[in-house]
Amino acid sequence: MASALRAAILGHLRVPVVANGSKLLTPLWTTSVRSMSSHDDHLEKTQVIDRILDIVKSFPKVDPSKVTPDVHFQKDLGLDSLDNVEIIMAIEEEFKLEIPDKEADKIDSCALAIEYVYNHPMAS
């Protein structure tokens, strides 16, 4: 049964090969395949920093001159927990991701938001 299945599958596979002088045949795809890693188009950290700082600076209750990559939302900017939730929602929208509530509760500064988004494989 297994050998029949194997023969059927191999009968449908077509792998182009190139003669390589007296060496063994080399499949064409070994030299032309591009890696399909999820990190191919991963955001650079500077992009993440700039976009998160722009989100925080555009928040109505925030003085843009106080916003830095290390600023704490409540201690430095005087925001409350509801404001924190609104900033997290804006970050989710900007980077097209969903941050679980458990993780969102931990993000209380630009630095933590930057690290979370930068390390998230689906951020775009």
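Residues numbered from 1 in each chain as written. Predicted model: local features only at pLDDT ≥ 70, side-chain atom pairs only at ≥ 80, totals over all residues. Heavy atoms only, no water.

### Side note on the side chain of aspartate 83
Here aspartate 83 shows up in helix H4 (residues 81-95). For aspartate 83, a relative accessible area of 3% gives the class buried. Polar contacts involving the side chain of aspartate 83 include one to the side chain of lysine 61, which spans 3.1 Å. Not counting chain neighbours up to four residues away, the residues in contact with aspartate 83 comprise Phe59 and Lys61. (Helix = DSSP H or I, 4+ residues; strand = E, 2+ residues; numbered from the N terminus. Buried < 20%, exposed > 50% of the residue type's maximum accessible area, 1.4 Å probe, protein only. Polar contact = N/O pair within 3.5 Å; in protein donor to acceptor, adjacent residues only side chain to side chain. Contact = heavy atoms within 4.5 Å.)

### So, the nonpolar core
In this structure, Ile52, Val56, Ile91, Phe95 and Cys110 are the most contacted members of the largest nonpolar core, which totals 27 residues. Of all the secondary structure elements, the ones that give two or more residues to this core are helix H3 (45-57), H4 and helix H6 (110-119). Apart from the residues within four sequence positions on either side, isoleucine 52 is in contact with Phe95, Cys110, Ala113, Ile114 and Val117. (Core = buried A, V, L, I, M, F, W, Y, C linked by side-chain atoms within 4.5 Å.)

### Side note on the packing of H3 against H6
Here H3 crosses H6 at 135 degrees, and the two axes come no closer than 9 Å. When the interaxial angle is binned, H3 and H6 end up oblique. By crossing handedness, the relation of H3 to H6 is classed as right-handed. Each of Lys45, Val48, Ile49, Ile52, Leu53 and Val56 in H3 lies in contact with H6, whose residues at this interface are Cys110, Ala113, Ile114, Glu115, Val117 and Tyr118. (Axes fitted to C-alpha atoms, helices over the stretch in contact; angles between N-to-C directions. Parallel < 35°, antiparallel > 145°, perpendicular 65-115°, else oblique. Left-handed = near helix turned anticlockwise from the far one by under 90°.)

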